[in-house]
Amino acid sequence: MRANVDQQDRTRSVSPWSRWFVGLRFSDYRGAVGEHYYVVGEAADADDAVAIALLRAAAAHECAARKNAGIDGVVVRRLRWNPLGWAYLGAPHVRSGATA
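Residues numbered from 1 in each chain as written. Predicted model: local features only at pLDDT ≥ 70, side-chain atom pairs only at ≥ 80, totals over all residues. Heavy atoms only, no water.

1. A word on the pairing of strand β2 (residues 33-40)
Side-chain direction in a regular strand flips from residue to residue, so the side chains alternate between the two faces of the sheet.
Link 1 in the chain: Across the two faces of β2 the burial differs, with Gly34, His36, Tyr38 and Val40 buried and Val33, Glu35, Tyr37 and Val39 not buried at all.
Link 2 in the chain: Sheet topology places strand β1 (residues 19-27) next to β2; eight bridges connect them, and they run antiparallel. Pairing of Val22 across the sheet is with Tyr38, part of β2.
Link 3 in the chain: Between β1 and the antiparallel strand that follows it, β2, lie five residues; Gly31 among them carries a positive phi value of about 95°. (Buried < 20%, exposed > 50% of the residue type's maximum accessible area, 1.4 Å probe, protein only. Helix = DSSP H or I, 4+ residues; strand = E, 2+ residues; numbered from the N terminus. Pairing = 2+ DSSP bridges.)

Take a look at the structure:
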């Protein structure tokens with residue numbers, strides 16, 4: 001119950017133009033490197049966006065998509081819009097390793 005209230009409060013406090021682009025890097029059993037990307041709109045900051053993306057990546061269908069490979073690294077970028085409304089990626093907030 002409280003988690004829903006916290007989620008609603010967080011959603012209300014975040015600008016509708018505030019989005020984060022989170023890339024989760026992983027290596028499969030053969031050593032091939034892959035990445036999954038998530039666009040997170042309900043995060044207040046980069047750390048919050050990473051936590052939300054890691055929760056999404058922990059879903060059973062996401063784990064199956066990457067063949068249960070562990071997350072090796074995280075790259076976070078803010079999605080920004082220019083005056084014409086075109087989206088672009090801001091400078092990366094690179095994080096080595098992950099807590100998942």
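2. Things to note about the pattern of salt bridges
Link 1 in the chain: Per the counting criterion, the structure on display carries two salt bridges.
Link 2 in the chain: Put simply, Asp28 and Arg30 hold a salt bridge, and the shortest N to O gap is 2.9 Å.
Link 3 in the chain: For Arg30, a relative accessible area of 63% corresponds to the exposed category. (Salt bridge = Lys/Arg side-chain N within 4 Å of Asp/Glu carboxyl O.)

3. Points about the packing of aromatic side chains
Link 1 in the chain: Across all of its chains, the model carries one aromatic pair by this definition.
Link 2 in the chain: Where Phe21 meets Tyr37, the ring centres are 5.1 Å apart and the plane angle is 15°; that geometry is what we call stacked. Of this pair, Phe21 sits in strand β1 while Tyr37 is found in strand β2, placing the two residues 16 residues apart along the sequence.
Link 3 in the chain: Here Tyr37 falls in the partly exposed class, since its relative accessible area comes to 46%. (Phe/Tyr/Trp six-rings, centres within 6.5 Å; stacked < 30°, edge-to-face > 60°.)

4. A look at the nonpolar core
Across soluble globular proteins, nonpolar side chains have a tendency to be buried as a group.
Link 1 in the chain: Ranked by size, the top nonpolar core spans 16 residues in total, and within it Trp20, Val22, Leu24, Val40, Val74 and Val76 carry the most contacts.
Link 2 in the chain: If you list the elements that add at least two residues to this core, you get β1, β2, α2 (46-57) and β3 (71-81).
Link 3 in the chain: The leading source of residues in this core is α2, at seven residues.
Link 4 in the chain: Discounting chain neighbours no more than four positions away, the residues touching Val22 are His36, Tyr37, Tyr38, Val40, Ala49, Ala53, Val74, Val75 and Val76. (Core = buried A, V, L, I, M, F, W, Y, C linked by side-chain atoms within 4.5 Å. Contact = heavy atoms within 4.5 Å.)

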